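# Results of the structural survey
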Amino acid sequence: MERLRVTGGASLRGSVRVSGAKNSALKLMAAALLAEGRTTLRDVPSITDVQYMAELLRRLGAEVSRDNGTVTIDVPEKVNHEAPYELVRRLRASICVLGPLLARCGSADVALPGGDAIGSRGLDMHIAGLRRLGASVEVEHGYVVARAPDGLKGAMIGLDFPSVGATENILMAAALADGETVIDNVAREPEILDICHMLISMGAKIEGVGTSTLHIDGVTGLEPVDHTTVPDRIVTGSWAVAALMTRGDITVTNGRAEHLELVLDKLAGAGAVIEPATGQDGVGLRVSMSGRPRAIDVVTLPYPGFPTDLQPMVVALNAVSDGTAMITENVYEARFMFVNELARLGADVRIDGHHAVIRGRETLSGAPVVATDIRAGAGLVLAGLVAEGETLVSAVHHIDRGYPDFVGQLNQLGADVVREPDPDQFQA
C-alpha cells in the first residue's frame, strides 16, 4: 500500500494531456468480445482498471496485449462464458461483459461486481432488459446467470432511469439479436456514443445515436475494428477544477469542451477564464484563475447534466471559495462519504440527506486523510494542494484506477507530490 504526500501552496501552471476515457475504454474492451479476431483500441488510459479488465478478458479466452496506450484483443471463435468473482470483485465495469457474452455464447455467468463504495447500483434494469430480449436471467450464489440457448430476439425496452451500465449491456446484446430492438430513455454520455460508433464500425446497425432512443437492427455477426477511445471528460474536468483551486493556468490538450458545457459554464461563474487551446497534442482548452474563486451551486444529473464523478472536486473547490454553496447529489446516495475526510483538512461542510452545504474558508490545513473512491481521492489531493503544510492521502490505489500518471502530471504542472510507502498499510 502507498500514499501521497502533498505539499500545499502550489499554483498549477503548464500543459497536460488527457488520454482516453476510463468509462469508455473498459466497455470498448468488453465490446471486443462480440467479434472473433483482432480488435485494436487506441489511446487507452494506463490505469489499474484497464489491467483488471485485461485479466478478465484473458480468463474468458482472449489474448490481450498493452503497449503505450494501445490495447490489442484477439478474440477466439469460442469464448468462455464465466466471469469469476476473484476478478469481477475488483472492477464494477466488469458487469459490462454480461451482454456480449450472452449474445456471443448464448449463456453468461458473471459474478456480482465490486468497485467503488459510493452507493447502491443495482442490476435490475440490466436484468429486465435482457429478459425482454428473450433471455432467462437469475441471480444465483453471487452470480448473474443468463441463458438464451435459442438466441436473443429484438424487443421494445424502456429504462426507468438513463442508466449507463444498463444501456451498454442491452445495446451490446441487441447488436446480435434477431430483429429490431428499441431502447427508450437511454443514457447519452459521450462514452455511450463512443461505444455506438465502435459497434457501427464493427457492422452493427444502430440509429438514434446521441438521442434518448436507440434503434438497433440485429445482425448475424460483427467484425473486429481499430478504434480510438474518446478523451476522458472527467479527467479534463478535474484539471479544470485544479486550475481554479490553485489559482493557476492549465492547458488541457485532447480535452473536449463540448463534453463539459455545463461544467465549464459553472466554472466560469466561479470566475475562471476558459478559452480554446491548440497544442501538439491537438485541440483542448485553457483554464486560468486569478484571485479567489466564487462559490457555485451544483446539482448532479445524468448527462448532459452535471456529472456526479466531478462532484467531489467541486465540493473541494467550494471549500476554499468565497461564499456558501449547496451541492445536490441525485445519482449516488453515498457519494458524500469522503466529506468526513475533507473536514479533517478544515473544510466546513454540512450534509443533509442528498444535499451538502459548504461554507468556503480562506485556507485549509494539511492532515492525514483516506481516499474512499477514485474521485474522492482526486478531490482530496486537490484540497491538499491548497492546504497549509502537508496532506497525506492514503489508499492511493483508488486514484490509480482512474487517473493515469496522476503524480507525474501534477509535478509537471508545478505541484510537490511524492508517492511513498504507507506505514499504516490502510486498505479502504
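Residues numbered from 1 in each chain as written. Predicted model: local features only at pLDDT ≥ 70, side-chain atom pairs only at ≥ 80, totals over all residues. Heavy atoms only, no water.

### What about the overall build of the protein?
In plain terms, the rule: Note on conventions: DSSP H or I runs of at least 4 residues are helices, E runs of at least 2 residues are strands, and numbering of each starts at the N terminus. Just to be clear, the radius of gyration here is over C-alpha atoms, and the globule rule we use is 2.2 Å times residues to the power 0.38. When accessible area is computed with a 1.4 Å probe and restricted to protein chains, residues below 20% of their type maximum are described as buried, those above 50% as exposed, and intermediate ones as partly exposed. We call two residues contacting when some pair of their heavy atoms lies within 4.5 Å. Note on areas: Shrake-Rupley, 1.4 Å probe, and residue coverage restricted to the protein chains presented here. None of His or the chain ends enter the tally, which takes Lys and Arg as positive and Asp and Glu as negative. We put the charge of a Lys on NZ, of an Arg on CZ, of an Asp on CG and of a Glu on CD.
Scanning the protein from N- to C-terminus turns up 14 helices and 26 strands. Against the compact-globule benchmark of 22 Å for 428 residues, the protein has a radius of gyration of 21 Å, which places it among compact chains. Principal-axis analysis of the C-alpha atoms gives the protein an extent of 65 × 45 × 45 Å. Every one of the 428 residues in the protein was classed for burial, and the buried ones make up 58%. A fraction of 75% describes how many contacts in the protein between residues 6 or more apart in sequence connect residues 24 or more apart. Accessible area of the protein: about 16200 Å², with a carbon and sulfur share of 46%. Each charge sign in the protein was given a centre, from 38 positive and 54 negative side chains, and these centres are 2 Å apart.

### Focus on the sheet that holds strand 13 (residues 213-217)
Paired through their backbone hydrogen bonds, the strands of a sheet run either parallel or antiparallel. Counted only if it meets this: DSSP-based pairing: two strands are paired if at least 2 bridges between them are found. Angles shown run from 0 to 180 degrees and are taken between the N-to-C directions of axes, each axis being a line fitted to C-alpha atoms and, for helices, limited to the stretch in contact.
A sheet is described by the order of its strands in space; here four strands give the open sequence 10-11-13-12, paired in mixed fashion. Since the sheet does not close on itself, it has two edges, and those belong to strand 10 (156-158) and strand 12 (205-207), each with one partner. Ignoring strand direction, the axes of neighbouring strands in this sheet form an average angle of 15 degrees. Bridging between strand 11 (residues 180-184) and strand 13 involves five bridges; their strand directions are antiparallel. If you follow T181 over to strand 13, its bridge partner there is I216.

### Thoughts on the environment of Y403
Condition: Counted as a polar contact is a pair of N or O atoms within 3.5 Å, where, for protein atoms, one must be capable of donating a hydrogen and the other of accepting one, and residues adjacent in sequence contribute only when both atoms are in side chains.
Following the sequence through the fold, Y403 ends up in the loop between helix 13 (397-400) and helix 14 (406-412). Judged by relative accessible area, which is 3%, Y403 ranks as buried. Residues within four places of Y403 in sequence aside, it is in contact with I47, I234, V235, S238, M313, I374, R375 and A378. Within the structure, Y403 has its side chain in polar contact with the side chain of S238 (distance 2.8 Å).

### Re the packing of helix 4 (residues 98-105) against helix 6 (residues 164-174)
What counts here: Any angle from 65 to 115 degrees is called roughly perpendicular, while one under 35 is roughly parallel, one over 145 is roughly antiparallel, and all others are oblique. Handedness of each helix crossing follows the sense of rotation of the near helix against the far helix: counterclockwise by less than a right angle gives left-handed, clockwise gives right-handed.
In the contact formed by helix 4 and helix 6, the axes pass within 7 Å of each other and the chain directions differ by 15 degrees. As the angle between them shows, helix 4 and helix 6 are arranged roughly parallel. For the element pair helix 4 and helix 6, the recorded crossing hand is right-handed. Counted together, L98, G99, P100 and A103 of helix 4 and N169, M172 and A173 of helix 6 form the full contact between these two elements.

### Quick word on the packing of aromatic side chains
Threshold: Put simply, two rings from Phe, Tyr or Trp (the six-membered ring, in Trp's case) pair if the centres are within 6.5 Å, and we call them stacked under 30 degrees between planes, edge-to-face over 60, tilted for the rest.
Per the counting criterion, the structure on display carries two aromatic pairs. Aromatic pair W239 and F406: ring centres 5.7 Å apart, planes at 45 degrees, arrangement tilted. Taken as a pair, W239 in helix 8 (residues 233-245) and F406 in helix 14 lie far apart in primary sequence, 167 residues in all. Across the pair, exposure class does not vary: W239 and F406 are buried alike. Joined through ring pairs, the aromatic side chains of W239, Y403 and F406 make up one cluster.

### A closer look at the nonpolar core
Within soluble globular proteins, side chains that are nonpolar tend to cluster in buried spots. Operational definition: The criterion is simple. A nonpolar core is a set of buried Ala, Val, Leu, Ile, Met, Phe, Trp, Tyr and Cys residues joined through side-chain atoms within 4.5 Å.
Residues I73, V97 and L199 are the most contacted members of the largest nonpolar core, which totals 81 residues. Ignoring any residue separated from it by four or fewer positions in sequence, one finds I73 in contact with M29, A32, G37, R38, T39, L41, L57, A62, E63 and V64.

### So, the state of the cysteines
Rules: When the sulfur atoms of two cysteines come within 2.5 Å, that pair is taken as a disulfide.
For the structure shown, the criterion picks out zero disulfides. C96 supplies the cysteine sulfur nearest to C105, a cysteine that is in no disulfide, at a spacing of 15 Å. C196 takes part in no disulfide bond, and the closest cysteine sulfur to it belongs to C96, at a distance of 14 Å. With relative accessibility at 2%, the residue C196 sits in the buried group.

### A closer look at the sheet that holds strand 5 (residues 70-75)
Pairing is mixed across the open sheet formed by four strands, whose spatial order is 4-5-3-14. Because the sheet does not close on itself, it has two edges, and the strands there are strand 4 (63-67) and strand 14 (226-228). Strand-to-strand twist in this sheet, taken as the mean axis angle between neighbours without regard to direction, amounts to 15 degrees. As paired strands, strand 3 (residues 37-42) and strand 5 are joined by five bridges and run antiparallel to one another. Looking at strand 5, one finds that G37 is bridged to V75. In the packing of helix 1 (residues 22-31) onto the sheet, the strands contacted are strand 3, strand 5 and strand 14, and the crossing angle to strand 3 comes to about 175 degrees.

Honestly, that's just the spatial picture; any functional story needs more than this.
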